[in-house]
Amino acid sequence: GLGFNIVGGTDQQYIANDNSIYVSRIKKDGAAYLDGRLQEGDKILAINGKDLKDLRHKDAVELFRNAGCYVSLKIQRRLQPQNGPVGHRGDGESGGLPLAAVLVPGLALAATAVWIWLRYRQRM
């Protein structure tokens, strides 16, 4: 399997008046967990280009089961973790940089600046 569970659909709405499919659980050491991009609470908009809008839960499950070896998901990222139904971005796309993508280079630059300053100070 793909290493995650889904909830939702026209017959099993996870959020009132919302037929969307959501990630309910990422299975530890499964494909999705090892990949690291998918998160619990994410809304899945499409799989391999196939729109998941207005599908019954079992039909969505069948699409995931028959997805093949290479899977492309279009998701809508939740705004923040919370209990119960989740909030979403309005634009339908995940976005932004991971925090580590900003912090790691910033910390490396700061450490380099401190090292240069200390070396310069020793020479005076």
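This text goes with the structure placed above it.
The sections below set out a description of the structure shown in this document. (Residues numbered from 1 in each chain as written. Predicted model: local features only at pLDDT ≥ 70, side-chain atom pairs only at ≥ 80, totals over all residues. Heavy atoms only, no water.)

1. Looking at the overall build of the protein
Our working rule: Where helices and strands are cited, they refer to DSSP runs of H or I of at least four residues and of E of at least two residues respectively, numbered from the N terminus. A 1.4 Å probe rolled over the protein chains alone gives each residue an accessible area, and that area as a share of the maximum for its type sets the label: buried under 20%, exposed over 50%, partly exposed in between. Here a residue-residue contact requires only that any non-hydrogen atoms of the pair lie within 4.5 Å. Residue-level accessible areas treat just the shown protein chains as cover; the underlying method is Shrake-Rupley with a 1.4 Å probe.
Counting secondary structure elements, the protein contains three helices and five strands. Start at the N end of the protein and walk to the C end: the helices and strands fall as β-β-α-β-β-α-β-α. Within the protein, buried positions represent 27% of all 124 residues. For the protein, long-range pairs separated by at least 24 residues make up 46% of all intrachain contacts whose partners lie at least 6 apart in sequence. Summed over its atoms, the accessible surface of the protein is roughly 8800 Å², and 54% of this surface lies on carbon and sulfur atoms.

2. What to know about the layout of surface pockets
Stated precisely, the cut-off is as follows: Think of a 1 Å grid over just the protein atoms. A cavity is a set of points where a 1.4 Å probe fits yet cannot get out, a pocket is an open set with protein on both sides within 12 Å along at least five of seven lines, and lining residues have an atom within 4 Å of a point. Grid points are joined across faces, edges and corners, and a volume is the space filled by probe spheres set on the points. Each residue is assigned to one class: nonpolar for Ala, Val, Leu, Ile, Met, Phe, Trp, Tyr, Cys and Pro, charged for Asp, Glu, Lys and Arg, and polar for all the others, Gly among them.
There is about 390 Å³ of room inside the largest pocket. Broken down by secondary-structure element, the contributors of at least two residues to the lining of the largest pocket are α1 (31–35) and β5 (73–76). Across the lining of the largest pocket, the residue classes tally to eight nonpolar, two polar and four charged.

3. Brief notes about a nonpolar patch on the surface
Rule in force here: Exposure above 30% relative accessible area and the lack of any salt bridge qualify a residue for a patch; like charges then connect within 9 Å, and the nonpolar side chains Val, Leu, Ile, Met, Phe, Trp and Tyr within 5 Å. Only one rule defines a salt bridge in this text: a Lys or Arg side-chain nitrogen within 4 Å of an Asp or Glu carboxyl oxygen.
A grouping of Val114, Trp117 and Leu118 is seen on the molecular surface, where their side chains present a nonpolar patch of about 300 Å² in accessible area. For Leu118, the position within the fold is in helix α3 (residues 99–123). Leu118 sits in the partly exposed class, given a relative accessible area of 40%.

4. So, the pattern of salt bridges
Where charged atoms from two side chains of opposite charge approach closely, those side chains can pair. Applying the stated criterion across every chain yields a total of three salt bridges. We note a salt bridge from Asp35 to Arg37, for which the minimum N-O separation is 2.8 Å. Across the salt bridge formed by Arg77 and Asp42, the nearest N and O atoms sit 2.4 Å from each other. On the criterion of sequence distance, the pair formed by Arg77 in the loop between β5 and α3 and Asp42 in the loop between α1 and β3 (43–47) is long-range, its members being 35 residues apart. Given the relative accessible area of 0%, Asp42 is considered buried.

5. Focus: unusual backbone geometry
The phi dihedral of Asn48 is positive, around 50 degrees, even though this residue is not glycine. Here the phi dihedral of Asp54 falls at roughly 60 degrees; this positive angle occurs in a residue that is not glycine. Relative to the assigned elements, Asp54 resides in the loop between β4 (50–51) and α2 (57–65). Under the relative-accessibility criterion, Asp54 is labelled partly exposed at 47%.

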